[in-house]
Number of protein chains: 2
Amino acid sequence: MTSLTAPIGVFDSGVGGLTVLKHLCQTFPAQSWIYLGDTARLPYGTKSGITIHAYTEENLTFLSQFNCQAFIIACNSASTQFPSDFHSGRPVFKVIKPGAIQALQETRNGKIGIIGTKATISSRVYENELHRLGFSGETFSQACPLFVPLVEEGLLHDAATDLIIDRYLRPMKEAGIDTLILGCTHYPLLYQALNRYFGPSVKLVSSEFQLSQSLAHSHCVQTEPHTPGHITLYTTDRVEFVKDIAERILLGITQTIEYRNISGPPLYEGSL
Amino acid sequence: MTSLTAPIGVFDSGVGGLTVLKHLCQTFPAQSWIYLGDTARLPYGTKSGITIHAYTEENLTFLSQFNCQAFIIACNSASTQFPSDFHSGRPVFKVIKPGAIQALQETRNGKIGIIGTKATISSRVYENELHRLGFSGETFSQACPLFVPLVEEGLLHDAATDLIIDRYLRPMKEAGIDTLILGCTHYPLLYQALNRYFGPSVKLVSSEFQLSQSLAHSHCVQTEPHTPGHITLYTTDRVEFVKDIAERILLGITQTIEYRNISGPPLYEGSL
């Protein structure tokens, strides 16, 4: 039987998944985590399904060496390309279903908007998941490839960002959505700009809360009082840059954090 | 001795280098080319020098299997991370020195602006090359990470693009530059927007012309009348997407073109 003190493995193409990890750390302070940010090959959302799937397999295989009791794919583009719920005999949690459940709980008028990378939007996974959950309303989806670079340039409150938001999202605003799924882990950083654009009547939905609920129900996570958990954060490139961002995003969690770079491609030939 | 009908190997992180290839094809219609676009790992310009160098080595090693008589690194970020002028015993041509030579020929007031990716700008290779060539004027440099995604979104003539141009380039405009080095192969696609912003008194400089000159002087290239050359265009991801763009960029060249995908990472395990 897996010890409940075993870590949970989490990966994202870069730093966006740290917004998910922070929520998980706050919800489960006794749990330990291994996080992998694949910064040498990001972004994923502009690449083909075959390539994203191959990267996802490699990342899960890397994480599986740490005897993780579960895995979390904290990247929407990667979640869309990994249909199975298991890897190496352990459960894999993804961010699509939790976001869809949350949207269903929020919508009143049955008009749900979905935004994400090109890979996420063209896969139509959110629409499929919503219908599988019994949704019979309307969906409006839009790929927003400029949102990630705008966030990475720090233009969170900027006239150019507001113009690009309007260019992408005017059709769904005019269609009268009341709920918007933020289908990329970078997008919560645009929360205020999107909130200004849509006004308070549109609920902005991401996956962290429902993901925590699923994890708690799975019994894969350390929920009993215990010593504080530990985070080992691996990157495939630019560990110092990731460390700067991670320290800001993860501020206030009780887990200790250790940073390690997997040096140089091919991905896992570096010294581990 | 290498036959003059041997191909020249060219690589870029993606499709930007096709703007360079087109000029070369038009200048040397009898020459054959092997082009590699590393679309599975693009962009390079946001990654570390160590990672860019490793990708560059892999790409040149891949190209060397085709008995190329020379190599061209048609990517500024990769050029900055490959100090040698040889690989596998063959000459390697890069895009930095040609751009610097062209800028020196254009400037009248000795104030040169340089724009590029974060990797290119932080390397200061253009400044170093200009000084090595005897330049004693002033340089003004600026990383413009949003330009590549804006080009890839097709926002070549757009109010948002104009706002971002102003945000990045106002200091060098106010400083009175008369020459601007476009230090990224995507940027010629913003030529008109940049020209509108700076006006006709600022010369916009890229590397294709001087690169062709260097190649012609090297005797590595087929300059005699001959049957038209051939292009084999390899990509590491999304060959159909690349084909669409390539057919538009390369319109009018006389070489025949063949497209091949190197399927799936690790990079060169696919069927060749």
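Bear in mind that the values here come from a model prediction, so they are computed numbers and not experimental data.

The secondary structure content of chain A amounts to 11 helices and 11 strands. Computed over the C-alpha atoms, the radius of gyration of chain A is 18 Å, within 12% of the 19 Å expected from 2.2 N^0.38 for a compact globule of 272 residues. Considered along the principal axes of its C-alpha atoms, chain A spans approximately 50 × 35 × 35 Å. Within chain A, the fraction of its 272 residues that count as buried is 51%.

Moving on to the sheet that holds strand 6 (residues 111-116) of chain A. Residues and elements named next belong to chain A. If you walk across this open sheet you meet the 4 strands as 7-6-8-9, and the pairing is parallel. Of all the strands in the sheet, just strand 7 (138-143) and strand 9 (203-205) have a single pairing partner and so form its edges. Each strand axis lies, on average, 20 degrees off the axis of its neighbour in the sheet, ignoring direction. Where strand 6 lies against strand 8 (residues 179-183), 5 bridges are found, and the strand directions are parallel. Looking across to strand 8, one finds that Gly116 is bridged to Gly183. This element, helix 6 (residues 125-132), spans strand 6, strand 7 and strand 8 of the sheet and lies at about 160 degrees to strand 7.

Moving on, we come to the pairing of strand 10 (residues 230-235) of chain A. Residues and elements named next belong to chain A. Taken together, the 5 bridges between strand 2 (residues 33-37) and strand 10 define a ladder with parallel strand orientation. Opposite Leu36, over in strand 10, you have Tyr234 as the bridge partner. Relative to strand 11 (residues 256-261), strand 10 is paired through 6 bridges, and the arrangement is parallel. When the bridges of strand 11 are listed, Tyr234 appears paired with Arg260. In this fold, strand 10 hands off to helix 11 (residues 239-249), which returns the chain to strand 11; that crossover is right-handed.

Residues and elements named next belong to chain A. Where helix 1 (residues 18-27) contacts helix 10 (residues 208-218), the axes come no closer than 10 Å and their chain directions differ by 45 degrees. Comparing their axes, helix 10 and helix 1 come out oblique. By crossing handedness, the relation of helix 1 to helix 10 is classed as right-handed. Contacts from Val20, His23, Leu24 and Thr27 in helix 1 reach Glu208, Leu211 and Ser212 in helix 10. Residues belonging to the contact of helix 1 with helix 10 are distributed by class as follows: 3 nonpolar, 3 polar and 1 charged.

Bringing the packing of helix 4 (residues 96-106) of chain B against helix 10 (residues 208-218) of chain B into the picture now. All names here are of chain B. The contact between helix 4 and helix 10 brings their axes to 8 Å, and the two run at 115 degrees. On the basis of their axis angle, the class for helix 4 and helix 10 is roughly perpendicular. Handedness of the crossing formed by helix 4 with helix 10: right-handed. Note on element contacts: helix 10 touches helix 4 through Phe209, Gln210, Leu211 and Ser214, opposite Pro98, Ile101 and Gln102. Looking at the contact of helix 4 with helix 10 residue by residue, the class counts come to 4 nonpolar, 3 polar and no charged.

Time to look at the relation of the copies chain A and chain B. If you rotate chain A by 180 degrees and push it 0.0 Å along the axis, it lands on chain B with an RMSD of 0.0 Å. What the rotation and shift describe, once combined, is the action of a two-fold rotation axis. A share of 100% of interface residues in chain A that are also interface residues in chain B marks the association as one of identical surfaces.

A word on the sheet that holds strand 4 (residues 86-87) of chain B. All names here are of chain B. Within the open sheet, the 7 strands sit side by side as 4-5-3-1-2-10-11. Their pairing is mixed. This sheet does not close on itself; its edge strands, each paired only once, are strand 4 and strand 11 (256-261). Across the sheet, helix 2 (residues 49-64) touches strand 1 (8-12), strand 2 (33-37), strand 3 (70-73) and strand 4, and the angle it forms with strand 2 is around 150 degrees.

Between chain A and chain B, the residue contacts involve 21 residues of the former and 21 residues of the latter. Every element with two or more residues in the side of chain A that touches chain B is listed here: helix 2 (49-64) and helix 8 (159-174) of chain A. Its residues assigned to classes, the side of chain A that touches chain B comprises 13 nonpolar, 3 polar and 5 charged.

We now examine the environment of Ala246 of chain B. All names here are of chain B. Within the element layout of this structure, Ala246 appears in helix 11 (residues 239-249). Classification of Ala246 as buried rests on a count of 22 C-beta atoms within 10 Å. Each C-alpha atom, one on Ala246 and one on Thr227, is 22 Å from the other, the two residues being 19 residues apart in sequence. Excluding anything up to four places from it in sequence, Ala246 contacts Val15, Leu18 and Leu233.

Our focus in this paragraph is helix 11 of chain B. Residues and elements named next belong to chain B. The set of residues buried in helix 11 consists of Val239, Val242 and Ala246. Taken around the axis of helix 11, the buried residues stretch over an arc of 60 degrees, which confines them to a single face. Opposite the buried face of helix 11, by more than 90 degrees, sit the exposed residues Glu240, Asp244, Glu247 and Arg248.

All names here are of chain B. When you line up the elements, Thr117 lands in the loop between strand 6 (111-116) and helix 5 (118-123). Residue classification places Thr117 among the buried residues on the basis of 28 C-beta atoms within 10 Å. In the structure, Thr117 is positioned 40 residues away from Ser77 in sequence and 6.9 Å away in space, judged by C-alpha atoms. With residues near it in sequence (within four places) discarded, Thr117 still touches Gly45, Thr46, Asn76, Ser77, Ala143, Pro145 and Cys184.

Summarising the model, chain A shows a mean pLDDT of 92, and 95% of its residues fall at 70 or more. In the model output, the complex is listed with pTM 0.91 alongside ipTM 0.89.

Below, the discussion takes up the domain arrangement of chain A. All names here are of chain A. One can read the domain layout of chain A as domain 1 (8-94 + 209-261) and domain 2 (97-206). A C-alpha centroid distance of 22 Å is found between domain 1 and domain 2. Contact with domain 1, which involves 22 residues of that partner, is made by 18 residues of domain 2. Broken down by secondary-structure element, the contributors of at least two residues to the side of domain 1 that touches domain 2 are helix 1, helix 2, helix 3 (76-80) and helix 10. Broken down by element, the residue count for the side of domain 1 that touches domain 2 peaks at 4 residues, all from helix 10. The class makeup of the residues in the side of domain 1 that touches domain 2 is 8 nonpolar, 11 polar and 3 charged.

So, on to the pairing of strand 3 of chain B. All names here are of chain B. Taking every second residue as pointing to the same face, both faces of strand 3 are buried, with Ala70 and Ile72 on one and Phe71 and Ile73 on the other. Sheet topology note: the strand 1/strand 3 ladder contains 4 bridges and is parallel. Directly across from Phe11, in strand 3, lies its bridge partner Ile73. Sheet topology note: the strand 3/strand 5 (residues 90-94) ladder contains 3 bridges and is parallel. The residue of strand 5 that forms the bridge with Ile72 is Phe93.

Rules and cut-offs
- Residues numbered from 1 in each chain as written.
- Chains lettered and ligands numbered in written order.
- Predicted model: local features only at pLDDT ≥ 70, side-chain atom pairs only at ≥ 80, totals over all residues.
- Helix = DSSP H or I, 4+ residues; strand = E, 2+ residues; numbered from the N terminus.
- Rg over C-alpha atoms; globule rule 2.2 N^0.38 Å.
- Buried ≥ 20, exposed ≤ 12 C-beta atoms within 10 Å, placed from the backbone.
- Pairing = 2+ DSSP bridges.
- Axes fitted to C-alpha atoms, helices over the stretch in contact; angles between N-to-C directions.
- Contact = placed C-beta atoms within 7 Å.
- Right-handed = clockwise from strand over helix to strand, strands pointing away.
- Parallel < 35°, antiparallel > 145°, perpendicular 65-115°, else oblique.
- Left-handed = near helix turned anticlockwise from the far one by under 90°.
- Nonpolar A, V, L, I, M, F, W, Y, C, P; charged D, E, K, R; others polar.
- Least-squares fit on C-alpha atoms with pLDDT ≥ 70 in both.
- Arc of directions from axis to C-beta.
- pLDDT = per-residue confidence, 0-100.
- Domains from an automatic or database assignment.

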